[in-house]
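Commentary on secondary and tertiary structure
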Amino acid sequence: SCSIQDSNLELFLKCLLHDHVEPSNPISELIYTRNNSSFQSVLNAYIKNRRFLTPSTPKPLAIVTPNHRSHVQATIKCSNQAGLELRIRSGGHDYEGLSYTSTVPFVVLDMFNLRKIDINIADETAWVQAGATIGELYYQISNVSKLHAFPAGVCPTIGAGGHITGGGYGNLMRKYGLSSDNVVDAQLVDVEGRILNRESMGEDLFWAIRGGGGESFGVILAWKIKLVSVPEKVTVFNVGKTTDQATSQGATDVIYKWQQVAPKLPGELFIRAMPKVVNGSRPLEKTVMVSFIGMFLGQISSLIPLMNQQFPELGLRAEDCHEMSWVESTLFWDQYRIGTSIKVLLNRSTDVKFSSKNKSDYVKNVIPKKALEEIWTKMINFGNMWMQWNPYGGRMSEISESETAFPHRAGNLFKIQYCALWEEEGINSTNLYTSKIRDFYASMAPYVSNSPREAFHNYRDLDIGNSYPSNKTSLLRDADVYGAKYFKGNYKRLVEVKTKVDPFNFFKNEQSIPPGLVNF
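Residues numbered from 1 in each chain as written. Predicted model: local features only at pLDDT ≥ 70, side-chain atom pairs only at ≥ 80, totals over all residues. Heavy atoms only, no water.

The name an unreviewed UniProt entry assigns to the protein chain is FAD-binding PCMH-type domain-containing protein, from the organism Citrus sinensis. Regarding the protein chain, the UniProt comment filed under Subcellular location (unreviewed entry) reads as follows: "Secreted, Cell wall". Entered under Cofactor (unreviewed entry) in the UniProt record, the comment concerning the protein chain runs "FAD". (UniProt positions renumbered as here; feature names shortened; annotations may be inferred.)

**Observations concerning the overall build of the protein chain**
Looking only at helices and strands, one finds 16 helices and 18 strands in the protein chain. In summary, the protein chain has a C-alpha radius of gyration of 23 Å against a globular reference of 24 Å for 520 residues, a match within 12%. Its C-alpha atoms put the protein chain at 70 × 55 × 45 Å along the principal axes. Burial status across the protein chain gives 58% buried among its 520 residues. Within the structure as shown, the protein chain displays about 20,900 Å² of accessible surface, and the carbon and sulfur contribution to it stands at 50%. (Helix = DSSP H or I, 4+ residues; strand = E, 2+ residues; numbered from the N terminus. Rg over C-alpha atoms; globule rule 2.2 N^0.38 Å. Buried < 20%, exposed > 50% of the residue type's maximum accessible area, 1.4 Å probe, protein only. Areas by Shrake-Rupley, 256 points an atom, 1.4 Å probe, with all protein chains shown as cover.)

**Structural notes on the sheet that holds strand S15 (residues 321–324)**
Taken together, 7 strands build an open sheet; the order of strands is S15-S12-S14-S13-S17-S18-S16 and the sheet is antiparallel. Only two strands of the sheet have a single neighbouring strand rather than two, namely S15 and strand S16 (355–363). For this sheet, the mean angle separating the axes of adjacent strands, direction not counted, is 20°. The sheet contact formed by strand S12 (residues 234–242) and S15 spans 4 bridges and is antiparallel. Looking at S15, one finds that phenylalanine 237 is bridged to cysteine 321. Where helix H14 (residues 427–443) meets the sheet, its contacts fall on S16, strand S17 (385–391) and strand S18 (414–422), and the angle it forms with S18 comes to roughly 155°. (Pairing = 2+ DSSP bridges. Axes fitted to C-alpha atoms, helices over the stretch in contact; angles between N-to-C directions. Contact = heavy atoms within 4.5 Å.)

**So, the environment of leucine 147**
When you line up the elements, leucine 147 lands in the loop between helix H4 (134–144) and strand S7 (148–149). Its relative accessible area of 43% is what places leucine 147 among the partly exposed residues. Residues leucine 147 and valine 352, 205 residues apart in the sequence, show an inter-C-alpha distance of 34 Å. Not counting residues up to four positions away in its chain, the partners in contact with leucine 147 are Val228, Ser229, Val230, Pro231 and Glu232.

**A closer look at the domain arrangement of the protein chain**
Per the domain assignment, the segments making up the protein chain are domain 1 (4–110), domain 2 (117–229) and domain 3 (234–323 + 361–444). Placing a centre on the C-alpha atoms of domain 1 and another on those of domain 2 gives a separation of 24 Å. On the side of domain 2, 19 residues touch domain 1, which itself brings 12 residues to the contact. At the surface where domain 1 touches domain 2, the tally comes to 0 salt bridges. Of the residues forming the side of domain 1 that touches domain 2, the biggest block, 6 residues, is contributed by helix H3 (residues 69–81). Split into classes, the residues belonging to the side of domain 1 that touches domain 2 amount to 4 nonpolar, 5 polar and 3 charged. (Domains from an automatic or database assignment. Salt bridge = Lys/Arg side-chain N within 4 Å of Asp/Glu carboxyl O. Nonpolar A, V, L, I, M, F, W, Y, C, P; charged D, E, K, R; others polar.)

**Concerning the sheet that holds strand S6 (residues 125–129)**
Reading across the sheet, the 5 strands line up as S5-S6-S10-S8-S9 and stay open at both edges, with antiparallel pairing between neighbours. For this open sheet the edge positions go to strand S5 (117–120) and strand S9 (195–196), each flanked by a neighbour on one side alone. When S6 meets strand S10 (residues 219–226), the two strands line up antiparallel, connected through 5 bridges. Bridge assignment links glutamine 129 to a residue of S10, and that residue is alanine 222. Contacts from H4 reach S5, S6 and S10 within the one sheet, and its direction differs from that of S5 by about 35°.

**Re the nonpolar core**
The biggest cluster of nonpolar side chains holds 124 residues, and the ones touching the most others in it are Ile209, Ile225, Trp258, Trp326 and Trp389. The element best represented in this core is S18, accounting for 7 residues. Residue contributions to this core reach at least three from each of two domains, namely domain 2 (117–229) and domain 3 (234–323 + 361–444). Discounting chain neighbours no more than four positions away, the residues touching isoleucine 209 are Thr165, Ala186, Leu188, Met201, Gly214, Phe217, Ile220 and Trp223. The next biggest cluster of nonpolar side chains, apart from the first, holds 27 residues, and it includes Leu9, Ala74, Leu109 and Leu114. (Core = buried A, V, L, I, M, F, W, Y, C linked by side-chain atoms within 4.5 Å.)

**So, the state of the cysteines**
This model, assessed by the stated rule, comprises 1 disulfide. Between the sulfur atoms of cysteine 15 and its disulfide mate cysteine 78 the distance is 2.0 Å. Classification of the bridge connecting cysteine 15 and cysteine 78 rests on its S-S torsion, roughly -70°, and on that basis the disulfide is left-handed. Placement of cysteine 15 in helix H1 (residues 2–19) and of cysteine 78 in helix H3 is noted, with a sequence separation of 63 residues between them. Residues cysteine 15 and cysteine 78 agree in their burial class; the two are buried. Here cysteine 155 is not disulfide-linked; the sulfur of cysteine 419 is the nearest cysteine sulfur, at 12 Å. The class of cysteine 155 is partly exposed, set by a relative accessible area of 27%. (Disulfide = S-S within 2.5 Å.)

Next comes the structure, spelled out in structure tokens:
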């Protein structure tokens, strides 16, 4: 198969270098094949999980790093002609590495050079190219206004392309919804190499790429986003409670009440609960610490009375709180020390210390106290893991399930993210921790959504179903499984859109939207 791959690669390169290039935008310096001395460093630069930094991780035959839209058009056409699969990477945060790995011969379209951000403060919009990071976006917004923000994630190195198309959520979601709820236009290159905007792609495709994962439909070049209003000062806090009997901080009682209160608080207040295994008060003892991390679009003087009235169990005091600009709050949420320069938002390189495996769930009913105690025990037995419980309600309950492709709206109290982390290298460690997090996830089944057990597309998890390797008839059957979990009732419409815009399934990965059987 090596010789077949070589001839595919040869076809691909010949097509790129000879057939499809505008002389004013040469592409030759932007292609890295395996015999290029920079290949490995370019590949590794946007791998954010040690699980995929191994010799056995499948490598692309070539990486193309476009700095002009014509390079994207050419890469799509040429990889299609050469019979190579295309993987699209904007920030490299895909939890299963699907933006830069594949089990078949493939090419990576690495979008990091396409990172321009144009802010129009007069009409409160911005064009953001797919390869920009959300940290760069936050920084640029703060450069032009202290009263504007954009609802997106906590981690500043996430790429705008994938983050926004999969939903994209953060601590403004209860006030303003998801990143994808604040998109007003887009530029996408389709399988024919055409550059489409909202008007030319039509409302069906524009609907699909807001929450449905653009990688099934084309290559997102840029988003036009709507900026949102924030006060000059916001308030943040991070208060920890342990489940340790010796310190009697009563985390279980507080998080039990949190489940009832956090989804009903005013949209201006977002409180994440984050249970994590930590050292206990006695030697060699482990316990669970629950951090309650808050973001309030207002000042301390308004927050404290609100908390005393609605959530006194947390015991929030003025001295626990910090007032700062919205852009400074993005650093606080990413665990930087208060006072750190906002220039860190421009830092793209991250030190990848851990391997990780992540999963997600949606919770619709309050988890009883006895069950919470059992969950803490299981976490302690597991060891190095954490969860994030992110409250819903507010704006999230007002947007209908079918408004965009993202379906998880009213009826959810909160979303859970699970994360197992390990430093040990090698396949045995990977298998061990992956198996442990699967067991933990299985034990959570009684407390979360079912039929289907819903999942968040941006917390990619191949355990919930995947369509590789697949023949064409089993493709739909396999995809129905993960499709229902990620997209619920919107999955059927996503398949219809896919059938129309990419009938021969060029844009695909292990969990993409398949075309209907009409073409097979």
